[in-house]
Amino acid sequence: MSFHPNDLARRARVASWGLVVLFVLLLSAFFRTQILENSRYALQSEENRLREVPLPAPRGIIYGRNNHVIAENVPGYSVLLLSPSADSLRASLNRIATIVPLSSDQIEMAVRRYERAPARPTVLLSDAPFDVVSVLEERRIEFPGLIIQTAPKRFYPDGAAVGSFVGYVGEITDAELASPRYHGYKAGQQVGKGGLEREYEDTLRGREGVRFVEVDARGRVVREAGARQDLLPQAGAPLYTNIDMDLQRFVAGIFADSLQGGAIALDPKTGGVLALYSAPSYDPNQFIGGIPTALWKQLTDDPRHPLYNKVIQGRYPPGSTWKLATAAMALQDGLVTMDEHMPVPCTGGFQFGSRYFRCWDHKGHGSISLAGAIEQSCDVYFYQLGLKLGLANLVAGGLKFGMRERSGIDLPDESRPLFPYADADGYFDRKYGKRGWSQAVVLNLSIGQGENAQTVANMGRFYTALAEGGEAATPEIARRAPRHNRIFTLTDQQMDGLRTALAGVVEAGTARSAQIQGVVLAGKTGTAQNSQDPTRDHAWFVGFAPADNPRIVVAVMLEFGLHGPRAAHIASKIVEAYLHTTTTQFLKAEE
Amino acid sequence: MLRRVVPDVPLVVTALALSAYGVAMVYSAGQTDVPTSALHAWASQLRWLVLGVIAAWGITRGSVRFYEWVTLPAYILSIFLLAALLVIGTGAGTAAGVKSWIAIGGVRLGQPSELAKIAMAMMLARVLAERREPPRSLLDLWKPAAVVAVPWVLIMMQPDLGTGIVFIGIFFAMLFWSGVPLPLLLLLASPAVSLILAFNTNVWGAWFLVLLALVLWYKPFMLEGVALMTANVVMGVVAPILWDRLAPYQRHRLLVFLDPSIDPRNSGWHVIQSQVAIGSGGWLGKGFLEGTQKRLAFLPEQHTDFIFAVLGEELGFLGVTLALALFLFLLFRSVRIAERASDSFGSLLAFGLASSWMVHIMVNVGMTLNLMPITGIPLPFFSYGGSFMLACWLAIGLLARIALEGRGAKVGDLAI
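Everything quoted here is computed from the prediction, not taken from an experiment. (Residues numbered from 1 in each chain as written. Chains lettered and ligands numbered in written order. Predicted model: local features only at pLDDT ≥ 70, side-chain atom pairs only at ≥ 80, totals over all residues. Heavy atoms only, no water.)

J.: Can you explain the overall build of chain B? Please cite residues and give values.
T.: Within chain B, the regular secondary structure consists of 16 helices and two strands. Taking 22 Å as the expected radius of gyration for a compact globule of 416 residues, we find that chain B reaches 22 Å, a close match to that expectation. With respect to the three principal axes, the spread of C-alpha positions in chain B is 65 × 60 × 45 Å. On chain B, roughly 17600 Å² of surface is accessible, and the fraction owed to carbon and sulfur atoms is 72%. Counting 27 positive and 21 negative side-chain charges, chain B places the averaged centre of each group 6 Å from the other. (Helix = DSSP H or I, 4+ residues; strand = E, 2+ residues; numbered from the N terminus. Rg over C-alpha atoms; globule rule 2.2 N^0.38 Å. Areas by Shrake-Rupley, 256 points an atom, 1.4 Å probe, with all protein chains shown as cover. Lys, Arg positive; Asp, Glu negative; His and termini not counted. Charge placed at Lys NZ, Arg CZ, Asp CG, Glu CD.)

This is the structure in structure tokens:
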């Protein structure tokens, strides 16, 4: 080799420069990765090691009057699983199934949840019993992705007594996730289902927190806490309601198991719902943490339809309770006075054209005044009053009274009553054909039969107007500013007349069985033909008390209750319970 | 006084600093949330370091002349060991399929290829030093080429691609240091370039024209020129055939090198996680022992091949700069020793040893950022591995001795 120092020095220079160039290139590569692209890699590194475990927020507590708790949270346990893949999840679940009871349904459900949100820990059991938790905790080392955490669990202390309006909570469904109403929700979260829980979801839900757990490359949980500052959940706001839990419990108790129907009690001044019960009810606590298939089947197969709310969903011909609507319209239009008699006295029926319309009492009521007709619920009187009003007025009046509108109660899934629309002729033309009907429909409508089916809640709302001189109050479960709506205007004298007649119903009329010691109950019975079974009519009673200064409006409907008096009896018990147990102290409505 | 005990203080201090840095990183690599076999590696590494330092000191006691004399036996011995490995060698760890370990009674003693690198550098230095003139033609290169080819073939049979690359790196570096003109080196390397470029016909065609120009300008012997061009054509033709004959895992590795994201959970995992580890380090890193990628086992081979990623994650750009600066200084110092060596054997050997480190550093560090394919070459003074630590310190010993006898050494330094 050429070993001259000059040659070596030259090569050493070349080599040194070569080294410098290579190292500068290497260092610049590190500069790019570590400094310029740092944020990207830092994020990726955090995503590698951290898994977000949602911390469910405690839902807002639902209170009744006097701070009775209707819905609260109790400590529960949820079991979650972190998995790198669906296959690995399935394998873990199959192993877990060998030590704790886990149905194949639950496994499939968990896998589906995983597929919806692979990055979130998969909820395996949202309400795990303590023995399951302790078994899993003991053998946790075998299940590296297992997370067991306390999670607030919804509890309804009164169970079935509040099932008719409180609703329940459950895991959000795919359909709900897709709807704009649940924008921002994530798969696996609990949402209100039905009742107040759903109606006031936004108030009650609170804000979910996040706990960060650290996992290793295989998805095993290495550090459960302190990997990063947790975001604490924010409890939902409480919901104050008008429900009087003492009364609610009483109402729930008074509906014997054999009875099937609904009742609503309202404060006539504010529309506040004091009690709302649909019988038979169900215990919403059973629905928490997932509805067992067998229970669901049992409830949906039950011929008495416990899941069907007979206060706000069931629609029944209002029968004679409607006669007050006909009377109020006629009085308002000056077509009749309380003392006025109709041209044809009641002989047990009424001939209209070629058809003979019966009165409920075949013996007949003779010639009676409007007051008497209300007391005795004389059909023949009201046939004639209806004819006097005419179809158009009858329908227009009904619409004015809100008989085609939902009551507006703050519960989801309320049914809209069935009633003709303003173009009554058009309505019947469409229904029966141009020549398929006659003015005879007026007779039916005037006594609350025919094309008229109301919810219990809506009849309750109508009677608040009878109690309060024409001001109907919208039923409100949540305590907030009352909403009033004047639906008719009568003179004081007319109002007094109606009230006296209604009091007479209980005093001496069709609801004599409903008399209460020391309280004047004013109300109207009703018997509605049952389209499904003509031999078993629905029984109604809607009324208020005390008659001179109403503090409670009650609407009771018994499916297949046969006769109004039975409903009246129940209503009187409700009124009695309320007036005898509550002080005269009125709660102010809250926003 | 220090000089009497420690020849070439800057070299030794730099090597000690790098070793201390390395042992610290091996210690950190063992500190994970997930139990790992690397937990106690640092202690073993420290023992090997002490052994290496003692051995290096021992090496400095012998003369360069003596080492020139033992070159041939050492070379033959290493060839013998490499050949024996093919029969009795065992694999280890992730490279279980590679017969690179020598073991007696189940106890792995070490990887002979690490020592073979030094033996080959010595042999190459001897062969090149014999010549008065540097090789001017390809024909002149047959002897040095043969010196490298024999161990290289044996190593490729293990198969250990990484060490093979190091051998070739040393070969070219030492040819350069012996005075072989750069164009000739380029011509020598051209068939390999052809092999790579052959996958794109246009690029390969352009390369062929460049090569032709180079041949016309450099004017080698006619026969050589023809042979060279033929070799390039042959390489271009056999490349696809060779590709087909590669083991699937090798092919996969090359493809993943080009784009790690094609297989993020398997083959691409190493390099992706290494980049994430380094990139998330930022300026100052996550702190010593605090690397999450390492701690939670996202980073594979954290105490061996990817130790530099641990460094990058925990100590950041600053730590990387410090490590690279130390390496650069070590190499500068080695080049200086080569420049000032008293004879051509020492000079060539010093440069050969430095180039060996150079290739290791470039390939290993480059690999952590996906600038180089993953070949499993350790990082000098850092990667956990006894033989390699020992080999690095033997090289330090040789360099120190060469420095001691070289120009610039004080009179009396040799008196011991």
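Additional details are given in the paragraphs that follow.
J.: Pulling in residues and values, what's your account of the packing of helix 7 (residues 161-177) of chain B against helix 15 (residues 344-368) of chain B?
T.: All names here are of chain B. Running from amino to carboxyl end, helix 7 crosses helix 15 at an angle of 140°, the nearest separation of the two axes being 8 Å. Of the possible angle classes, the one that applies to helix 7 and helix 15 is oblique. At the point where helix 7 passes helix 15, the crossing takes the right-handed sense. Mapping the contact onto sequence places Ile165, Val166, Gly169, Ile170, Ala173, Met174, Phe176 and Trp177 in helix 7 and Ser347, Leu348, Leu349, Phe351, Gly352, Ser355, Ser356, Val359 and His360 in helix 15. Its residues assigned to classes, the contact of helix 7 with helix 15 comprises eleven nonpolar, six polar and no charged. (Axes fitted to C-alpha atoms, helices over the stretch in contact; angles between N-to-C directions. Parallel < 35°, antiparallel > 145°, perpendicular 65-115°, else oblique. Left-handed = near helix turned anticlockwise from the far one by under 90°. Contact = heavy atoms within 4.5 Å. Nonpolar A, V, L, I, M, F, W, Y, C, P; charged D, E, K, R; others polar.)

J.: I'd like a rundown of the pairing of strand 19 (residues 552-558) of chain A, residues and numbers included.
T.: Residues and elements named next belong to chain A. Counting buried positions over the seven residues of strand 19 gives seven, a clear majority of the element. The alternating pattern of strand 19 places Ile552, Val554, Val556 and Leu558 on one face and Val553, Ala555 and Met557 on the opposite face, and all of these are buried. Pairing of strand 11 (residues 261-266) with strand 19 involves six bridges; the strand directions are antiparallel. Note that in strand 19 the partner of glycine 261 across the bridge is leucine 558. Remark: six residues form the turn of the hairpin made by strand 18 (residues 538-545) and strand 19, two consecutive strands paired antiparallel. (Buried < 20%, exposed > 50% of the residue type's maximum accessible area, 1.4 Å probe, protein only. Pairing = 2+ DSSP bridges.)

J.: Account for the sheet that holds strand 1 (residues 50-55) of chain A, naming residues and giving values.
T.: Residue and element names in this part refer to chain A. Strand order in the open sheet made by the three strands is 1-8-9, with antiparallel pairing throughout. In the strand order of this sheet, the two ends are held by strand 1 and strand 9 (221-223), each with one partner. Across the sheet, the mean angle from the axis of one strand to that of its neighbour is 55°, orientation sign disregarded. Contacts from helix 2 (residues 38-49) reach strand 1 and strand 8 (209-215), with the element oriented near 60° to strand 1.

J.: Provide a residue-level description of the layout of surface pockets, including the pertinent values.
T.: A probe matching the size of a water molecule, rolled over the atoms, marks out where space remains unfilled. Residue and element names in this part refer to chain A. Approximately 950 Å³ is the volume attributed to the second largest pocket. The wall of the second largest pocket is formed by 33 residues, among which Met109, Arg113, Gly289, Gly290 and Ile291 lie closest to the centre. Secondary-structure elements contributing two or more residues to the lining of the second largest pocket are helix 4 (104-116), strand 4 (122-128), strand 6 (168-171), strand 7 (190-193) and helix 11 (293-301). Here the element with the most residues in the lining of the second largest pocket is helix 4; it accounts for seven residues. Class assignment for the residues of the lining of the second largest pocket results in 15 nonpolar, nine polar and nine charged. (1 Å grid on protein atoms, 1.4 Å probe; cavity = no way out; pocket = protein on both sides within 12 Å on 5 of 7 lines; lining within 4 Å. Points joined across faces, edges and corners; volume = space filled by probe spheres on them.)

J.: Kindly report on the environment of A:Tyr463, identifying the contributing residues and their values.
T.: Residues and elements named next belong to chain A. Positionally, tyrosine 463 belongs in helix 18 (residues 456-467). In this structure tyrosine 463 comes out as buried when scored by relative accessible area, which is 0%. C-alpha of tyrosine 463 to C-alpha of alanine 325: the two residues are 138 residues apart in sequence and 9.3 Å apart in space. Engagement of the side chain of tyrosine 463 in a polar contact is seen with the backbone oxygen of threonine 321, the distance being 2.7 Å. (Polar contact = N/O pair within 3.5 Å; in protein donor to acceptor, adjacent residues only side chain to side chain.)

J.: I'd love a proper account of the confidence of the model for chain A, names of residues and values included.
T.: On average, residues of chain A carry a pLDDT of 88, and 97% of them reach 70 or more. Under a pLDDT of 50 for its full length, residues 582-591 of chain A has, in the predicted model, 18 contacts with residues more than four places off or in other chains. (pLDDT = per-residue confidence, 0-100.)

J.: I'd love a proper account of the packing of aromatic side chains, names of residues and values included.
T.: Within a pair of aromatic rings, the relevant descriptors are the distance that separates the centres and the angle that separates the planes. Residue and element names in this part refer to chain A. Here the structure, examined in full by the defined rule, presents 36 aromatic pairs over all chains. Note on phenylalanine 428 and tyrosine 432: the rings are 6.2 Å apart at their centroids and 10° apart in plane angle, and the pair reads as stacked. Taken together, the residues span about one helical turn, with phenylalanine 428 and tyrosine 432 both in helix 16 (residues 424-432) at a distance of four residues. Using a relative accessible area of 0% as the deciding quantity, one classes phenylalanine 428 as buried. By relative accessible area, which is 37% here, tyrosine 432 ends up partly exposed. The rings of Tyr421, Tyr427, Phe428, Tyr432 and Trp437 are connected pair by pair, giving a single aromatic cluster. The ring of tyrosine 41 carries arginine 40 above its face, with NZ or CZ at 4.6 Å from the centroid. When the ring centre of tyrosine 185 is taken as origin, the NZ or CZ atom of arginine 205, which lies over that ring, is 3.9 Å away. (Phe/Tyr/Trp six-rings, centres within 6.5 Å; stacked < 30°, edge-to-face > 60°. Lys NZ or Arg CZ within 6 Å of the ring centre and 35° of its normal.)

J.: An account of the pattern of salt bridges is needed here, citing residue identities and associated values.
T.: Residues and elements named next belong to chain A. In the structure shown here, the tally under the stated rule is 43 salt bridges over all chains. A salt bridge links glutamate 197 to arginine 59; the nearest nitrogen and oxygen atoms lie 3.0 Å apart. Of this pair, glutamate 197 sits in helix 8 (residues 195-199) while arginine 59 sits in the loop between strand 1 and strand 2 (62-63), placing them 138 residues apart in sequence. Each member of the pair glutamate 197 and arginine 59 is classed as buried. Salt-bridge contacts for arginine 220 lead to aspartate 216; the nearest nitrogen and oxygen are separated by 3.0 Å. The exposure class of arginine 220 is partly exposed, given its relative accessible area of 28%. Residue classification places aspartate 216 among the buried residues on the basis of a relative accessible area of 3%. (Salt bridge = Lys/Arg side-chain N within 4 Å of Asp/Glu carboxyl O.)

J.: So what about the pairing of strand 11 of chain A? Which residues, and what values?
T.: Residue and element names in this part refer to chain A. Within strand 11, six of the six residues are buried, which leaves the element mostly enclosed by the surrounding structure. Alternating positions in strand 11 separate into two faces, Gly261, Ala263 and Ala265 on one and Gly262, Ile264 and Leu266 on the other, with burial throughout. As defined by bridge partners, strand 11 adjoins strand 12 (residues 273-279) across six bridges and the pair is classed as antiparallel. The partner of glycine 262 across the bridge, within strand 12, is serine 278. With antiparallel pairing between neighbouring strands as the criterion, strand 11 and strand 12 make up a hairpin whose turn holds six residues, including glycine 271 at a positive phi of roughly 80°.

J.: Quick one: what's the story with the interface of chain B and chain A, residue by residue and with numbers?
T.: Many authors give the size of an interface as the accessible area that is lost as the parts come together. Counting residues at the interface gives 60 residues for chain B and 37 residues for chain A. Around 3900 Å² of area is buried between chain B and chain A when both sides are counted, 74% of it from carbon and sulfur atoms. Put simply, chain B and chain A have two salt bridges between them. A:Glu214 serves as the salt-bridge partner of B:Arg295, at 3.2 Å between the closest nitrogen and oxygen. (Buried area = accessible area lost by both parts, 1.4 Å probe.)

J.: How would you summarise empty space enclosed by the protein if you had to cite specific residues and measurements?
T.: Residue and element names in this part refer to chain B. On inspection of all chains with the given rule, the structure shows four cavities of 30 Å³ or more. Size it by volume and the largest cavity reaches roughly 100 Å³. Forming the boundary of the largest cavity are 13 residues, of which Lys117, Ile118, Ser356, Trp357 and Ala391 lie nearest the centre. The residue makeup of the lining of the largest cavity, split by class, is nine nonpolar, two polar and two charged.

J.: Describe the sheet that holds strand 18 of chain A, with residues and values.
T.: Residues and elements named next belong to chain A. Read from one edge of the open sheet, five strands run 12-11-19-18-17, paired in antiparallel fashion. Both outer strands of the open sheet, strand 12 and strand 17 (522-528), are each paired with one neighbouring strand and no more. In this sheet, neighbouring strand axes are inclined to one another by 5° on average, regardless of whether the strands run parallel or antiparallel. Strands in contact with helix 10 (residues 245-254) are strand 11, strand 12 and strand 19; relative to strand 12, the strand with the most contacts, it is inclined by about 20°. Helix 19 (residues 492-507) rests against strand 17 and strand 18 of the sheet, and its axis sits at about 65° to strand 17.

J.: I'd like a rundown of helix 1 (residues 5-36) of chain A, residues and numbers included.
T.: Taking 1.5 Å per residue as the helical rise, helix 1 of chain A with its 32 residues ought to reach 46 Å, and the 44 Å between its terminal C-alpha atoms agrees with that figure. Among all positions of helix 1 of chain A, only A:Leu8, A:Arg11, A:Ala12, A:Ala15, A:Leu19, A:Phe23, A:Leu26, A:Ala29, A:Phe30, A:Thr33, A:Gln34 and A:Ile35 are buried. In this structure, the buried side of helix 1 of chain A is in contact with helix 2 of chain A together with helix 7, helix 12 (269-279), helix 14 (307-340) and helix 15 of chain B. (Expected span 1.5 Å × (residues − 1).)

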